[in-house]
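# Understanding the architecture of this molecule
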Amino acid sequence: LSLVGSEMCIRDRGFNTLNSMTPIIPVIVGDEYILTQITKELYDRNIFTNAIFPPVVPPNMCRIRIGVMSSHTFEDCDRLINAFHEIGKKYGLI
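The sections below set out a description of the structure shown in this document. (Residues numbered from 1 in each chain as written. Predicted model: local features only at pLDDT ≥ 70, side-chain atom pairs only at ≥ 80, totals over all residues. Heavy atoms only, no water.)

## Here we look at the sheet that holds strand S2 (residues 50–52)
Sheet architecture is open: 3 strands sit in the order S1-S3-S2, paired in antiparallel fashion. The strands lining the two open edges of the sheet, one partner per strand, are strand S1 (24–30) and S2. On average, adjacent strands in this sheet sit at an angle of 25 degrees to one another, irrespective of strand direction. Bridging between S1 and strand S3 (residues 62–67) involves 6 bridges; their strand directions are antiparallel. Of the residues in S3, the one forming a bridge with Ile28 is Arg63. Packed onto the sheet, helix H2 (residues 32–44) meets S1, S2 and S3 and runs at close to 25 degrees relative to S3. (Pairing = 2+ DSSP bridges. Helix = DSSP H or I, 4+ residues; strand = E, 2+ residues; numbered from the N terminus. Axes fitted to C-alpha atoms, helices over the stretch in contact; angles between N-to-C directions. Contact = heavy atoms within 4.5 Å.)

## Topic: the pattern of salt bridges
Enumeration according to the criterion identifies 3 salt bridges in this entry. Among the ionic pairs, Lys40 bridges to Asp44, the shortest N-O distance being 2.8 Å. Of this pair, Lys40 and Asp44 both sit in helix H2, 4 residues apart, which is roughly one turn of that helix. Here Lys40 falls in the partly exposed class, since its relative accessible area comes to 47%. Between Lys90 and Glu41 there is a salt bridge, with its nearest N and O atoms 2.8 Å apart. Residue Lys90 is found in helix H3 (residues 74–90), and its partner Glu41 is found in helix H2; the two are separated by 49 residues along the sequence. Taking the relative accessible area as the measure of exposure, Glu41 reaches 15% and is therefore buried. (Salt bridge = Lys/Arg side-chain N within 4 Å of Asp/Glu carboxyl O. Buried < 20%, exposed > 50% of the residue type's maximum accessible area, 1.4 Å probe, protein only.)

## So, the pairing of S3
Pairing between S2 and S3: 3 bridges, direction antiparallel. The partner of Ala51 across the bridge, within S3, is Ile64.

The structure is reproduced here in structure tokens:
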């Protein structure tokens, strides 16, 4: 499983990932309310992510942290990327 490939697919779909090249992929959301909604929608799809709010990050830099592990399958990554694409459109992130 290519961690870089997963990150690039998310970035290539228009998300700001801060050019991360690690297994921890940040996806900038900005707005705290939207971050909460997106995290809930991902959770409802059995996709577990971490929501990061100020003061851990600067204001307007709220983000979701995705942790990609070797136990994730290609299907897991595809499901994540497709969910992000759909939800990102809904909330105007892409």
